[in-house]
Amino acid sequence: MNTLILTERDVRDVLTMKDAMKAVERAFELHGRRAVQMPPKVYLNFDKGDLRAMPAYLEGHAGVKWVNSHPENPKRGLPTVMAVLIYSDPETGFPLAIMDATHITNMRTGAAGGIAAKYLARKDSKIFGFIGCGTQAYTQLLALREVFSIEKVLASDISERNAKRFVEYCGRFGIDAEVVDAKRACDCDVLTTSTPSRKPVVRNEWIADGTHINAIGADAPGKQELDSMLIKRAKVVVDDMEQAVHGGEVNVPIAEGVIKPEDIHATLGEIIAGFKPGRESGEEITVFDSTGLAIQDIATASVVYEKAIKEGVGTPIQFFEDRR
Ligand SMILES: NC(=O)c1ccc[n+]([C@@H]2O[C@H](COP(=O)([O-])OP(=O)(O)OC[C@H]3O[C@@H](n4cnc5c(N)ncnc54)[C@H](O)[C@@H]3O)[C@@H](O)[C@H]2O)c1
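Here the residue numbering is sequential within each chain, running from 1 through the sequence in written order. Only residues with pLDDT of 70 or above have their local features reported here, since the model is predicted, and side-chain atom pairs are shown and tallied only from 80 upward, although totals for entire chains, interfaces and linings are computed over all residues. To obtain the side-chain values, all non-hydrogen atoms of the structure were used and water was disregarded.

Draft legend 1. Broad picture of the site of the ligand. Lining the immediate surroundings of the ligand are 23 residues, of which Thr 135, Asp 157, Asn 162, Asp 219 and Lys 223 lie closest. The separation between an oxygen atom of the ligand and a polar main-chain atom of Gly 292 is 3.4 Å. Computed with the Shrake-Rupley method and a 1.4 Å probe, the accessible areas treat only the protein chains shown as cover for residues. Considered on its own, the ligand offers 860 Å² of accessible surface; in the complex 77% of this is hidden by protein. Those elements that place two or more of their residues in the shell around the ligand are helix 3 (102-120) and helix 4 (135-147). Near is defined per residue: the residue qualifies when any heavy atom it owns lies within 4 Å of the molecule or strand. Any pair of N or O atoms that falls within 3.5 Å is considered a polar contact. Within protein, one atom must be able to donate a hydrogen and the other to accept it, and sequence-neighbouring residues count only if both atoms are side-chain atoms. Strands here are runs of E lasting at least two residues and helices are runs of H or I lasting at least four, both read from the DSSP assignment and numbered beginning at the N terminus.

Draft legend 2. Structural view of unusual backbone geometry. Although it is not a glycine, Arg 34 sits at a positive phi angle of roughly 55°. Within the secondary structure, Arg 34 is located in the loop between helix 2 (17-32) and strand 2 (36-37). Although it is not a glycine, Glu 59 adopts a positive phi angle of roughly 45°. The residue Glu 59 is located in the loop between strand 4 (50-58) and strand 5 (61-69) in this model.

Draft legend 3. Spotlight on the packing of aromatic side chains. Any Phe, Tyr or Trp ring, taking Trp's six-membered ring, that has another such ring centre within 6.5 Å forms a pair; planes under 30 degrees apart are called stacked, those over 60 apart edge-to-face, and the others tilted. Within the structure shown, the criterion is met by eight aromatic pairs. Seen in terms of ring centroids, Tyr 87 and Tyr 305 are 5.3 Å apart; in terms of plane orientation they differ by 50°. Their pairing is tilted. Of the two residues, Tyr 87 sits in strand 6 (residues 83-88) while Tyr 305 sits in helix 11 (residues 294-311), which places them 218 residues apart along the sequence. Taken individually, Tyr 87 and Tyr 305 each receive the classification buried, so the pair is uniform in this respect. Measuring from centroid to centroid gives 6.0 Å for Phe 94 and Phe 320, while their planes differ by 70°, and the two rings are edge-to-face. Of this pair, Phe 94 sits in the loop between strand 6 and strand 7 (95-100) while Phe 320 sits in the segment after strand 16 (315-317), placing them 226 residues apart in sequence. The rule is simple: take the accessible area with a 1.4 Å probe, protein chains only, and divide by the maximum for that residue type; under 20% is buried, over 50% is exposed, in between is partly exposed. Assessed through its relative accessible area of 14%, Phe 94 is described here as buried.

Draft legend 4. Highlighting the side chain of Gln 224. Counting through the fold element by element, Gln 224 comes out in the loop between strand 12 (212-215) and helix 7 (228-233). Of the polar contacts made by the side chain of Gln 224, one reaches the side chain of Ser 228; its length is 2.9 Å. In this structure Gln 224 touches Ser 197, Arg 198, Lys 199, Pro 200, Ala 218, Glu 249, Val 252 and Pro 253, once residues within four positions along its chain are discounted. Whether two residues are in contact is decided by their heavy atoms: any pair within 4.5 Å suffices.

Draft legend 5. Seen up close, the sheet that holds strand 12. We call two strands paired when DSSP finds no fewer than two bridges between them. With parallel pairing, eight strands are arranged side by side in an open sheet as 10-9-8-11-12-15-13-14. Strands at the two margins of the open sheet, each flanked by one partner only, are strand 10 (176-179) and strand 14 (266-267). Of the strand pairs in this sheet, strand 8 (residues 127-131) and strand 9 (residues 152-156) are connected by five bridges, and their pairing is parallel. In the strand pairing of strand 9, Phe 130 is matched with Ala 155. Of the strands in this sheet, strand 12, strand 13 (235-238) and strand 15 (286-289) are in contact with helix 3, which crosses strand 12 at around 155°. Where helices are involved, their axes are fitted lines through C-alpha atoms of the stretch in contact, as for all axes, and angles between N-to-C directions lie from 0 to 180°.

Draft legend 6. Local environment of the pairing of strand 11 (residues 190-193). Residues Val 190 and Thr 192 line one face of strand 11 and the alternating positions Leu 191 and Thr 193 line the opposite face, and both faces are buried. The pairing of strand 8 with strand 11 spans four bridges and is parallel. Across the sheet, the residue bridging to Phe 130 is Thr 192, located in strand 11. Note: strand 11 against strand 12, four bridges, orientation parallel. Along strand 12, the bridge assignment pairs Thr 192 with Asn 214.

Next up, the structure:
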């Protein structure tokens, strides 16, 4: 039996945002129904960064993502984040594929934002603000485009170059986009924050009633993008209770005592499964606190594997000697 090797190029060739969103929505629903296995991430910490193992099992799909974060890597000509995923057959444990998961991470993160906005944002949302116009902003935009007809993008970043590049990218889809400051970016129907900030980049008073916010950037203890009082004012939905309390957007407001874990409205999966309501009025402010779940990666990897097999993409190798 062969193991399929899938490079970043191969993954890019087969994976569409539509496919990623379908797989990730189902993964969240199963999470809401408590029908997944997802032990907490395991960390190895080094002077210059860390490595994390993220295993998961859902609906016949099993695997583990092994991903680093080394902020000084660009100086050495290497990306900050590189991810590899082993996709295994739960029947036998056989490694069906070893694939790049850097693109999978970006796509599944975008997919989560798009799905959260589908359940939480006002249906007539037209103006989309972005604070942080780096890697994640691009796949967030791709996913939001699947759900809404975007009339205007307001892009803000401490790097004007990054904001301009993102505005150009929006232009490729015929979207009217402009570079603005953070306050002006909040003048929107759906705001996406994807910065690595450790102090709020969004002030409570900048956000009007009825806004939905996808808070993507905070995924480790001490990270925070939104004013704690804004979290207190909003209906907060998390991807996973334990991960969010540990390192999501809610981690600082909880540590400060501004909110309690019981104040969190629901997980996204509970809303998708129909156990809890999503948006209930045009006036409420909703926040989706995304930390990134292993089930999103494995569900997306399953689609990549199935499509690669069907389309003959990738390089099969024989890992183990034949024992028959
Ligand atoms: N929730 C998830 O599943 C998930 C997945 C991937 C990454 N992330 C997190 O999202 C964040 C962004 O990741 P990325 O891959 O897009 O990184 P990136 O480095 O590609 O982009 C970050 C962008 O934010 C900008 N920025 C930094 N500080 C800012 C500030 N105070 N105000 C405005 N802009 C600012 C930078 O100039 C850059 O353009 C990181 O914190 C990362 O850990 C979360």
